[in-house]
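Chains, contacts and geometry: an overview
Each chain is listed here by its residues.
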Amino acid sequence: MFRVITIEREYGSGGGAIAAQLAQHLGWNLWDKRLTEEIARLANVDASTVKRCDERMDSRFYRLAKTFWRGSHESSSHLGNQAFDTDCMMEWMAQITARIAQEGNAVVVGRGAPYFLREHPDAFHTFLYAPRAEKVRRLLQDGSTTAEAEELVESVDRERIAFVKHYFNADWPTRSLYHLMINTAVGNEAVIDTIMHTMHRISGRPKATDYEPPRLSTTI
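Numbers given to residues run from 1 along each chain, matching the order in which its sequence is written. Local features in this predicted model are restricted to residues whose pLDDT is 70 or higher, and side-chain atom pairs enter the listing and the counts only when it is 80 or higher, whereas totals over whole chains, interfaces and linings include all residues. Excluding hydrogens and water, the side-chain figures rest on all heavy atoms present in the structure.

1. A short note on the environment of Phe-84
You can see Phe-84 is positioned in the loop between helix H4 (60-70) and helix H5 (86-103). Here the term buried applies to any residue with accessible area under 20% of the maximum for its type, exposed to any over 50%, and partly exposed to those in between, with areas from a 1.4 Å probe on protein chains only. Judged by relative accessible area, which is 11%, Phe-84 ranks as buried. Remark: the alpha-carbon pair of Phe-84 and Asn-44, spanning 40 residues in sequence, is separated by 9.4 Å. Counting from the N terminus, the helices are DSSP H or I runs at least four residues long and the strands are E runs at least two residues long.

Laid out in structure tokens, this is it:
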């Protein structure tokens, strides 16, 4: 029986709203904004600090500087003392997702959750996508301008691609990782019904997913 649902999503596809409605329907805990708040609590930093790291890489300059300072005796420098970055966030995420999986009855949104829980037999993995026009429409409904929506649809998913490649050596999305990939243009209720129906149909059956990292080219 599945006790955890992970929701990975293209930006603007409505993944957050669908996850919230699904969690409410099931009476399960929703781990979306709550993930940011829990990491902030455990790491003793502001939630805004964690949010800046959500599913995006630290800047190239910061990563280069961090590498330099790690090897420097000047550990008292401002950069050397920075206590929280994306690497730190991912360390906390690994611990929190393991705890969530143990407790069960949870819907988890993004933050690498399907990769962290890829071997967990009780986790059902879903990827939500939508046509570009649908994503722009949803963002306009949420208050973005047309220019903002167009830019966000492009930029946020580029950041997620880089994030997953760096931390999991995987393509985004890794199709073999998901039990279900569904177009949210069919409507939130239809998406939720399909997730519920699919979970019920495959519950107790052999594992359907398989994590397949990209193969390294042997061409010289």
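2. Overview of the pattern of salt bridges
By definition here, a salt bridge exists when the distance from a side-chain nitrogen of Lys or Arg to a carboxyl oxygen of Asp or Glu is within 4 Å. For the coordinates displayed, the defined rule picks out 15 salt bridges. Across the salt bridge formed by Glu-154 and Arg-132, the nearest N and O atoms sit 2.5 Å from each other. Of the two residues, Glu-154 is situated in helix H8 (residues 146-168) and Arg-132 in helix H7 (residues 132-141); the sequence distance between them amounts to 22 residues. Since its relative accessible area comes to 37%, Glu-154 is described here as partly exposed. For Arg-132, a relative accessible area of 35% puts it in the partly exposed group. If you follow the salt bridges from partner to partner, you end up with Glu-38, Arg-41, Arg-99 and Glu-103 in one network.

3. Brief notes about the sheet that holds strand S4 (residues 123-129)
By definition, two strands form a pair when at least two bridges between them are found by DSSP. Sheet architecture is open: five strands sit in the order S2-S3-S1-S4-S5, paired in parallel fashion. Both edges of this open sheet fall to strand S2 (29-31) and strand S5 (180-183), since each of them pairs with a single strand only. Sheet twist, expressed as the average angle between the axes of neighbouring strands with direction ignored, equals 20 degrees. For strand S1 (residues 4-9) and strand S3 (residues 106-109), the ladder comprises four bridges, and the chain directions are parallel. The residue bridging Ile-7 from the neighbouring strand is Val-109, located in S3. Here, residues are in contact when the closest pair of their heavy atoms is within 4.5 Å. Here the axes come from fitting lines to C-alpha atoms, over the contacting stretch only for helices, and the angles between their N-to-C directions go from 0 to 180 degrees. Against the sheet, helix H2 (residues 33-43) makes contact with S2 and S3, and its axis sits at roughly 70 degrees relative to S2, the strand it touches most.

4. Looking at the nonpolar core
Across soluble globular proteins, you tend to see nonpolar side chains buried next to one another. Core analysis: the biggest nonpolar cluster contains 29 residues, and Met-89, Val-108, Tyr-115 and Phe-168 have the highest contact counts within it. The greatest single-element share of this core, amounting to six residues, is contributed by H5. Excluding anything up to four places from it in sequence, Phe-168 contacts Met-90, Gly-112, Tyr-115, Phe-116, Arg-118, Phe-163 and Tyr-211. Working definition of a nonpolar core: buried Ala, Val, Leu, Ile, Met, Phe, Trp, Tyr and Cys residues. They are joined through side-chain atoms within 4.5 Å. Listed in part, the 18 residues of the second largest apolar core include Phe-2, Ala-23, Leu-128 and Met-199.

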